[in-house]
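Below, each chain spelled out in residue letters.
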Amino acid sequence: MAQVLLENVTKNYGKLEVVHGISLDIAHNEFVVLVGPSGCGKSTTLRMIAGLEEISAGDISIGGQIVNDMPPRDRNISMVFQNYALYPHMTVRENLGFSLQIAGKPPAEIARAVGEAAGILSLDDYLDRKPSELSGGQRQRVAMGRAIVRHPDVFLFDEPLSNLDAKLRAQMRVEIKKLHQKIQTTVIYVTHDQVEAMTLADRIVIMRDGNVEQQGTPNEVFERPVNTFVATFIGSPPMNLLPGRVTGGALVFARGFTVPVPHNFAELVAEGQEIVLGFRADNMMPEGHALNMDEASPAIEMAVIVSEPLGTETLLYTELAGQEVQAKMLKPRPVADGEVLTFHLDLAQCHLFDAKTQNNLR
Amino acid sequence: MAMDINQQHRFKTRIGAALRHITLFIAMSIICIPGLWIVLNSFRPTVDIMAKPPVWVPRGLNLDNYRAMFGGAGEGGVPVVQYFTNSLIISVTSTVIAILIGMAGGYAFARYRFRGKSAIFIGLLLTRAVPGVALSLPLFIVMAKTGLIDTHVGLIMVYVAMNVPFTIWLIDGFFRQVPPDLAEAAEIDGCTRWQAFWKVEFPVAKSGVASAGIFAFLTSWNEYALASQLTRSTFSKTMPVGLRDFTSEFTINWGGMCALAVLMIIPALILTFLVQKHLIAGLTFGGVKG
Ligand SMILES: Nc1ncnc2c1ncn2[C@@H]1O[C@H](COP(=O)(O)OP(=O)(O)O)[C@@H](O)[C@H]1O
Ligand SMILES: [Mg+2]
């Protein structure tokens, strides 16, 4: 059983504070993804959990034991590094067995554990190769194999897929998910890729500039982003944001574009308040190519600037209130550039953010 | 027409290849001929060595020079075995020490941040800018005062001091190329810091360390200027200094000198040959990004 607990964990490099008192409560067997733009302190946080960086303040405990000053080797954790960090002078077999060998396990037991890990990750045919003789995906699997042989309490991943090409990345994503189903262990996974976060996580922790912005299930952070940062970071394409003002019970934007205040937000806005309207491409669709929309959705005539056919749907780039926005066309048909379509905006799915704080009003 | 251009092109390529070979041959000749000349001369009498115009094609080669060298003191013999032993003891010991210090220092420079790091580093390199001979008098005085003249220890200390900046600099470069996450992975796999170094970082960088070792060894093995000042007797004289035994007031025994020089070259060649795999791997490092 390994619950991981972070309480007000802070990291300073000299005078520079890069992680500002983060608190996390990660349950046994939970798959938690730390996601955020590059430089936001994800790796630093992970490395503090691993014991590779000292923590400047706060407490970290693993399995109920405070590990603040415990060296990595005593924490019973495994880590997969971005560049895999395979030992180049050892064969795959030796790489996999290294931790057990260091722990002084008998050769028979090492061989059995290595065999088991190799089986899980289909590495049996490569056991006698050196890392330099493997492809990127195979190296990635060896790195994971090295992590699982010793049955750690916690698995740490630092951007493990970012060196792979898109296709392999998608494939390994599924493998990691399967792996987690097979070997029930707490996982803390760092990535800057929101797709990885959404697809892998039981819970997503979104970080920015050394702070946690929001945490929740993939569904929660997608459906109810707490601020414009999360709203644009999670989901692809990013949420459209239109700055405007509450005027006479309606939302008024540049170029005179006006919509009624969405029902969900009716009580939450004040006359004259500066707001930002957020909606995803899925919530603005051309007539005849949309899902059913609940609310009386305003119809807007707009010219398509560029269309991106993706097969099952087409992304449409248009201009609304002087700003480029993206809309989506289901059951697509070819669209000519400049073609004028009637779009419907699903107000029930929209979000309103305060223009000053950028926080969701709901 | 097209044929013509093709042929022309092929012709040019061939000329280019030929030119390259000729240039290479000339360069290699310049490098190798003195060495070959020494080997050749060690096998023939002074008459042939001094002949004008020079005798290039060997005639009547023999082992007289070697026989004389190993012979008694009266007939041109020198204590070769003693010199060889001295050279070996001094070079090996100073190399081992310089490598140990070089590894500790190089690793520290590669991995840790500390105050005055770049100043110390530049200081180390600056010591290489001082010509060794310029130090011979001060060194002589210090060694004389401390009674280290004509001892192995004295020369070993000098060579360690000469080689350490270089080994630190070289080994620092090699450890820099070992990704730090290898040691971190090892620590997570259960190693102490010390184990992580010896089980992962050192094996990965060992080719580099070996090439630093070769350079340090050859420097000590071939050093003449300081050794000639700081040694006196057969007790501590090294092979390069021993070469001087062949000069007397009026004559120089070129043949004997060449024979001793050949004995000096052989171990260096053997050593270089033995570790050449590491040497090449070390000099073309960077293939470790597993
Ligand atoms: N050793 C260090 N010294 C000083 N600043 C550092 C050091 N390591 C990381 N940082 C800074 O800490 C911040 C967070 O880094 P990191 O955790 O690696 O970000 P992420 O993994 O989210 O991209 C960055 O601004 C980075 O510049
Ligand atoms: Mg990072």
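Here's a quick rundown of the structure. Along each chain, residue indices are assigned from 1 in the same order as the chain's sequence is written. A letter from A marks each chain and a number from 1 marks each ligand, given out in the order of writing. Since the coordinates come from a predicted model, pLDDT governs what is reported: local features require at least 70, and pairs of side-chain atoms require 80 or more to be given and counted, while whole-chain, interface and lining totals use all residues. Only heavy atoms go into the side-chain values, all of them from the structure, while hydrogens and water stay out.

With that settled, consider the overall build of chain A. When helices and strands are counted, chain A shows eight helices and 20 strands. If you line up chain A on its principal axes, its C-alpha atoms span 75 × 45 × 35 Å. For every residue, the accessible area (1.4 Å probe, protein chains only) is compared with the maximum for its type, and the residue is labelled buried under 20%, exposed over 50%, or partly exposed between those bounds. Across the 362 residues in chain A, those meeting the buried criterion constitute 54%. Residues are treated as being in contact if the distance between any of their heavy atoms lies within 4.5 Å. Counting contacts in chain A only where the partners sit at least 6 residues apart, residues at least 24 apart contribute 67% of the total. Areas reported here follow the Shrake-Rupley algorithm with a probe of radius 1.4 Å; residue values treat only the protein chains shown as occluding. Surface summary for chain A: the accessible area is close to 15700 Å², and the carbon and sulfur share equals 48%. We count a stretch as a helix when DSSP gives it H or I for four or more residues in a row; a strand needs E for two or more, and each element gets its number in order from the N terminus.

Turning our attention to the layout of surface pockets. A 1.4 Å probe that fits into a set of points on a 1 Å grid over the protein atoms alone but cannot get out defines a cavity; an open set with protein on both sides within 12 Å along at least five of seven lines defines a pocket, and lining residues are those with an atom within 4 Å of a point. Grid points are joined across faces, edges and corners, and a volume is the space filled by probe spheres set on the points. Estimates place the volume of the largest pocket at around 480 Å³. As for the largest pocket, its lining consists of 15 residues, of which R47(A), L52(A), R111(B), Y112(B) and E184(B) are closest to the centre. Contributing elements (two or more residues each) for the lining of the largest pocket: β1 (4-13) of chain A together with α4 (80-111) and α8 (180-188) of chain B.

Salt bridge criterion: a side-chain nitrogen from Lys or Arg within 4 Å of a carboxyl oxygen from Asp or Glu. Going through the model one piece at a time under the given rule, you end up with 19 salt bridges over all chains. Residue E319(A) is joined to R255(A) by a salt bridge in which the shortest nitrogen-to-oxygen separation is 3.4 Å. One end of the pair, E319(A), is in strand β17 (residues 313-320); the other, R255(A), is in the loop between β12 (250-253) and β13 (258-260), and 64 residues separate them in sequence. Each of K11(A), R47(A), E53(A) and E184(B) takes part in one network of salt bridges that share partners.

So, about the side chain of D172(B). All names here are of chain B. Topologically, D172 is positioned in helix α7 (residues 152-176). By the criterion applied in these results, polar contacts are pairs of N or O atoms within 3.5 Å in which, for protein atoms, one can donate a hydrogen and the other can accept it, and in which residues neighboring in sequence qualify only through two side-chain atoms. Polar contacts involving the side chain of D172 include one to the main-chain amide nitrogen of A110, which spans 3.2 Å. When sequence neighbours within four positions are dropped, the list of residues in contact with D172 reads G106, F109, A110, F121 and T167.

Turning next to the site of ligand 1. All names here are of chain A. Any residue with a heavy atom positioned within 4 Å of a molecule or strand is treated as near that molecule or strand. The local shell around ligand 1 consists of Y13, V18, S38, G39, C40, G41, K42, S43 and T44. Taking G39, its main chain carries an N or O atom lying 2.6 Å from an oxygen atom of ligand 1. At a separation of 3.0 Å, an oxygen atom of ligand 1 approaches a polar backbone atom of G41. Burial of ligand 1 by the surrounding chains reaches 60%, relative to a free accessible area of 570 Å². Ranked by residue count, the leading element in the shell around ligand 1 is helix α1 (residues 42-50), at three residues.

What follows concerns the sheet that holds strand β8 (residues 186-191) of chain A. Residue and element names in this part refer to chain A. A sheet is described by the order of its strands in space; here six strands give the open sequence β6-β7-β8-β3-β9-β10, paired in mixed fashion. Of all strands in the sheet, those with a lone pairing partner are β6 (77-80) and β10 (211-216), marking the two edges. In this sheet, neighbouring strand axes are inclined to one another by 15 degrees on average, regardless of whether the strands run parallel or antiparallel. When DSSP locates at least two bridges between a pair of strands, those strands are taken to pair. Judged from the four bridges that link them, strand β3 (residues 31-35) and strand β9 (residues 203-208) form a sheet pairing that is parallel. Each residue of the ladder has a partner; that of V33, found in β9, is I204. Relative to β6, helix α4 (residues 136-148) is tilted by about 175 degrees, and along the sheet it contacts β6 and β7 (154-158). Only the stretch in contact is used when fitting a helix axis, every axis being a line fitted to C-alpha atoms; angles between N-to-C directions are given from 0 to 180 degrees.

Honestly, it's all geometry; don't read function into it.
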